[in-house]
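Now for the letters of each chain:
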Amino acid sequence: MYGSPAEIANLTSTDEFDAALAIHLYKAGRLLQGSRIPFGIIFGGTDVNEDIKCREKCQVMGAVLQEARFAVAFSVEMKELAAAEWPDARKKIYVQSQGIKTTPSETFDWYRFLQNADIPTDTDTLHLFLLVCGLRRVKDPLYLAEVFSDWHRKDPSVHLGIIGPAVDPLFSSEVKEQVKRLPGVHVLQELPQQELHAAVRRSFAVVNSSISEGMSAAILEAMDLDIPVLARNIPGNAAIIKHKETGLLFSTPQEFVMLSKSLMNDPIMEKEITTRAKDYVKKHHSWEGERETYQTLVLRLQ
């Protein structure tokens, strides 16, 4: 809703605001430059992974980081990337991974969901791979589409569902157009979170094919729901997935298909991966731990 620091300054000029917490060092952070209220920043992922490559954005982010009382990175790797660029800010960057809590709807109608998507409802043989992402270029939702469609022609039991909000409307239209000519690949209607969690729980696997990622909540939620994850081998994903231990990492669409087949043919491996992944999430992504960290940090904004 707000496009400039002046608009935010106007909003916060009333006594109702004591402090601010911004997510994304560039997109949100630049709106708080010169703010009259103290603020903290949470790195989004694309800021430190992508925007940092643009000199102009990098200068803005450095200035924002100077003003911020604290910053939060989801992983040690993300903190190190930021600290290498802005060494003076190292001491104010804290590492706190995302906390996860899944709440699948118990009344979710799986068969209607499949029917609406034109996916066969013979669920004994169905293997639905869900790619959960907001439709924008950095998520690269079509990365696997061609190869997946070829695989579907040979094995009609496999389907790829791309599901999430149309963050970039123009790009979303392109994706929908391309998918029309690819049997076995579907763009699905966005769902409320509890229903999405229920759909994930009924799927065969969750997929992530992003070019760049901070820390994917969709991956962590799938792990928490005992569903195997296949993710593109990029730093943000490799920070939370150990290959063949808590998930599977692929570097090409062909490798994705090969790993998916091995997962389908080896229920013991699938069970071992999902068990270890759930343990990992419990241990490292507890929402209670996340809450404590933020409570402590917010007190620094007094």
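From a predicted model like this one, the values you see are computed outputs, not experimental measurements. (Residues numbered from 1 in each chain as written. Predicted model: local features only at pLDDT ≥ 70, side-chain atom pairs only at ≥ 80, totals over all residues. Heavy atoms only, no water.)

Concerning the nonpolar core
Part 1 of the argument: Counting residues in each nonpolar core, the largest one holds 67 residues, and the members touching the most others are Phe43, Trp86, Phe113, Leu130, Val200 and Met223.
Part 2 of the argument: Considering each element in turn, this core owes the most residues, 5 residues, to helix 9 (residues 217-224).
Part 3 of the argument: Those residues in contact with Phe43 that sit more than four places away from it in its chain are Leu25, Val48, Leu65, Ala71, Val72, Ala73, Phe74, Met78, Ala82 and Ile93. (Core = buried A, V, L, I, M, F, W, Y, C linked by side-chain atoms within 4.5 Å. Buried < 20%, exposed > 50% of the residue type's maximum accessible area, 1.4 Å probe, protein only. Helix = DSSP H or I, 4+ residues; strand = E, 2+ residues; numbered from the N terminus. Contact = heavy atoms within 4.5 Å.)

Considerations on the environment of Glu288
Part 1 of the argument: By secondary structure assignment, the location of Glu288 is in helix 13 (residues 287-298).
Part 2 of the argument: The exposure class of Glu288 is partly exposed, given its relative accessible area of 37%.
Part 3 of the argument: For Glu288 and Thr125, which are 163 residues apart along the polypeptide, the C-alpha to C-alpha distance reads 39 Å.

A few points about the sheet that holds strand 3 (residues 70-73)
Paired through backbone hydrogen bonds, the strands of a sheet run either parallel or antiparallel to each other.
Part 1 of the argument: Strand order in this open sheet of 4 strands is 1-2-3-4, and the pairing throughout is parallel. On the outer flanks of this sheet lie strand 1 (20-23) and strand 4 (93-95), each paired with one strand and no other. Averaged over neighbouring strand pairs, the angle between their axes works out to 25 degrees when direction is ignored. (Pairing = 2+ DSSP bridges. Axes fitted to C-alpha atoms, helices over the stretch in contact; angles between N-to-C directions.)

Quick word on the pairing of strand 6 (residues 158-163)
Part 1 of the argument: Judged by how many residues are buried, strand 6 sits mostly within the fold: 6 of 6 residues are covered.
Part 2 of the argument: Neither face of strand 6 is exposed, since Val158, Leu160 and Ile162 on one face and His159, Gly161 and Ile163 on the opposite face are all buried.
Part 3 of the argument: The sheet contact formed by strand 5 (residues 127-132) and strand 6 spans 6 bridges and is parallel. Across the sheet, Leu128 pairs through a bridge with His159, a residue of strand 6.
Part 4 of the argument: On the question of chirality, the crossover connecting strand 5 to the parallel strand 6 by way of helix 6 (residues 145-154) is right-handed.
Part 5 of the argument: Across 4 bridges, the pairing between strand 6 and strand 7 (residues 185-188) is parallel. Across the sheet, Ile162 pairs through a bridge with Val187, a residue of strand 7.
Part 6 of the argument: For the crossover from strand 6 across helix 7 (residues 169-179) to strand 7, the handedness is right-handed. (Right-handed = clockwise from strand over helix to strand, strands pointing away.)

Some points on the UniProt feature "domain: Glycosyl transferase family" (unreviewed entry) in the protein
Part 1 of the argument: The UniProt record annotates "domain: Glycosyl transferase family" (unreviewed entry) at residues 128-278.
Part 2 of the argument: Counting secondary structure, residues 128-278 comes out at 44% helix and 17% strand; the distance between its end C-alpha atoms is 20 Å. (UniProt positions renumbered as here; feature names shortened; annotations may be inferred.)

Quick word on the pattern of salt bridges
Opposite charge on two side chains permits pairing when their charged atoms draw close.
Part 1 of the argument: Considering all chains together, one arrives at 11 salt bridges under this definition.
Part 2 of the argument: For the salt bridge of Glu106 with Arg201, the shortest nitrogen-to-oxygen distance reads 3.5 Å. Separated by 95 residues along the polypeptide, Glu106 in the loop between strand 4 and helix 5 (110-116) and Arg201 in helix 8 (residues 193-202) bring together distant segments of the chain.
Part 3 of the argument: The partner of Asp140 in a salt bridge is Arg232, and the shortest N-O contact between them spans 2.8 Å. (Salt bridge = Lys/Arg side-chain N within 4 Å of Asp/Glu carboxyl O.)

With respect to the environment of Glu50
Part 1 of the argument: With respect to the element layout, Glu50 can be found in the loop between helix 2 (46-49) and helix 3 (55-67).
Part 2 of the argument: Placed 161 residues apart in sequence, Glu50 and Ile211 show a C-alpha to C-alpha distance of 9.8 Å.
Part 3 of the argument: Excluding residues within four positions of it along the chain, Glu50 makes contact with Gly45 and Ser212.

Describing unusual backbone geometry
Part 1 of the argument: With a phi angle near 100 degrees, His24 is a residue other than glycine that sits in the positive phi range.
Part 2 of the argument: Mapped onto the elements of the fold, His24 is located in the loop between strand 1 and strand 2 (39-42).
Part 3 of the argument: What makes His24 buried here is its relative accessible area of 6%.
Part 4 of the argument: Of note, the phi angle at Lys244 is positive, near 65 degrees, even though the residue is not glycine.

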